2 protein chains.
Amino acid sequence: MKLWLEADGKLVMSDYRVRLLEAIAETGSLAKAAESMRLSYRRAWGKLKELEENLGYPLVESASGGESGGGSSLTDAALSFIVAYRRFQDRVTADMDRAFEEELSQIGPQARPSQ
Amino acid sequence: MKLWLEADGKLVMSDYRVRLLEAIAETGSLAKAAESMRLSYRRAWGKLKELEENLGYPLVESASGGESGGGSSLTDAALSFIVAYRRFQDRVTADMDRAFEEELSQIGPQARPSQ
């Protein structure tokens, strides 16, 4: 399964992007977060800006000291969003496992016709 | 959400492929099924053979009259599989809608910080 969220047809969150935001929260730096995900700074920054533009509000704020000096942290709105997205993702994953177990585990690859 | 099934890391069903199989069942012909999905016969045939190889059993059988003469129908194993896959898919979709409603509908794009 691949999971993502759109609003008005525009991407506003995905499994990949929630990891990027969490990495920013953990490292306090977009540069370090990008590195931890083996993304270029430029690509990480682009993904972040795309989400912010599609959402219409900021996800990351820079501390005083300037872009390179003061580090980055998530806004309260971003924190609320990623916590809720993780709950959503966990539920969908657990529900899918249950549905698979009940609907498909006895069929499909296992249910080879005897011959 | 994008949903698919793998067995031993190999694709054995997807939302797209289940539609192809259903189209074969409806039209009685791989050629007509391909056409209805705007796929070339070659690509539709390739997708079908890939699934059969990954599953290890046949999904489609040709009626007497030869490949082009007698038409194609789904095997019993394929019918059981697509019915179960559709039940699985319907449940996952309904569960996801519920999880979204309960975890995310009050947050995210709607939850713009007041400013």
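Look up: the structure comes first, before these words.
Here we summarise the structure given alongside this text.

### Focus: the packing of helix α1 (residues 15–27) of chain A against helix α3 (residues 41–55) of chain A
Residues and elements named next belong to chain A.
- Contact geometry for α1 and α3: axes closest at 11 Å, N-to-C directions at 110 degrees. On the basis of their axis angle, the class for α1 and α3 is roughly perpendicular. Of the residues in α3, those in contact with Y16, R17, L20, L21 and I24 of α1 are A44, K47, L48, E50 and L51.
- When grouped by side-chain class, the residues that make up the contact of α1 with α3 number 7 nonpolar, no polar and 3 charged.

### Topic: the environment of M37(A)
All names here are of chain A.
- Its place among the elements puts M37 in the loop between α2 (30–36) and α3.
- Between the C-alpha atom of M37 and that of S80, which follows or precedes it by 43 residues, the distance is 22 Å.
- Discounting residues that sit within four places of it in the chain, M37 has contacts with Y16, R19 and L20.

### Quick word on the nonpolar core
- By size, the foremost hydrophobic cluster in this structure holds 36 residues, and its most contacted members are M13(A), L21(A), I24(A), L59(A), F81(A) and F88(A).
- Put simply, the parts of the chain that give this core at least two residues each are β1 (4–7), β2 (10–14), α1, α2, α3 and α5 (76–103) of chain A together with α4 (76–103) of chain B.
- Residue contacts for M13(A): discarding those within four places in its chain leaves W4(A), L5(A), V18(A), L21(A), L51(A), F81(A), I82(A) and Y85(A).
- Residues L104(A), L3(B), I24(B) and L51(B) belong to the second largest nonpolar core, which totals 35 residues.

### A short note on unusual backbone geometry
- Despite not being glycine, R38(A) has its phi angle at roughly 55 degrees, a positive value.
- With respect to the helices and strands, R38(A) occurs in the loop between α2 and α3.
- Phi at D8(B) takes a positive value of approximately 55 degrees, unusual for a residue other than glycine.
- Tracing the backbone shows D8(B) in the loop between β1 (4–7) and β2 (10–14).
- On the accessibility criterion, D8(B) (80% relative accessible area) is exposed.

### Quick word on the packing of aromatic side chains
- Here the structure, examined in full by the defined rule, presents 4 aromatic pairs over all chains.
- A centroid spacing of 6.0 Å and a plane angle of 55 degrees characterise the contact between Y85(B) and F88(B), whose relative ring orientation is tilted. Placement of the pair is Y85(B) and F88(B) together in helix α4, with a separation of 3 residues, close to one helical turn.
- Among the residues examined, Y85(B) registers a relative accessible area of 0% and is labelled buried.
- Ring-pair connections join several aromatic residues into one group, and the members of that group are Y85(A), F88(A) and F100(B).

### Notes on the interface of chain B and chain A
- Tallying the contact residues gives 33 residues for chain B and 33 residues for chain A.
- Taking both sides of the interface into account, the surface hidden between chain B and chain A amounts to around 2,900 Å²; carbon and sulfur atoms contribute 70%.
- The largest share of the area that chain B buries against chain A comes from R91(B), E103(B) and L104(B), three residues that together contribute 19% of it.
- Between chain B and chain A we count 6 salt bridges in total.
- Between R91(A) and E102(B) there is a salt bridge, with the nearest N and O atoms lying 2.9 Å from each other.
- Across the contact surface, chain B and chain A share 7 residue pairs in polar contact (both at pLDDT 80 or more).
- Counting only elements with at least two residues in the side of chain B that touches chain A, the list comes to β1 and α4 of chain B.
- Element by element, the count of residues in the side of chain B that touches chain A is highest for α4(B), at 16 residues.
- Residues that form the side of chain B that touches chain A fall into these classes: 22 nonpolar, 3 polar and 8 charged.

What counts, and at which threshold
Residues numbered from 1 in each chain as written. Chains lettered and ligands numbered in written order. Predicted model: local features only at pLDDT ≥ 70, side-chain atom pairs only at ≥ 80, totals over all residues. Heavy atoms only, no water. Axes fitted to C-alpha atoms, helices over the stretch in contact; angles between N-to-C directions. Helix = DSSP H or I, 4+ residues; strand = E, 2+ residues; numbered from the N terminus. Parallel < 35°, antiparallel > 145°, perpendicular 65-115°, else oblique. Contact = heavy atoms within 4.5 Å. Nonpolar A, V, L, I, M, F, W, Y, C, P; charged D, E, K, R; others polar. Core = buried A, V, L, I, M, F, W, Y, C linked by side-chain atoms within 4.5 Å. Buried < 20%, exposed > 50% of the residue type's maximum accessible area, 1.4 Å probe, protein only. Phe/Tyr/Trp six-rings, centres within 6.5 Å; stacked < 30°, edge-to-face > 60°. Buried area = accessible area lost by both parts, 1.4 Å probe. Salt bridge = Lys/Arg side-chain N within 4 Å of Asp/Glu carboxyl O. Polar contact = N/O pair within 3.5 Å; in protein donor to acceptor, adjacent residues only side chain to side chain.

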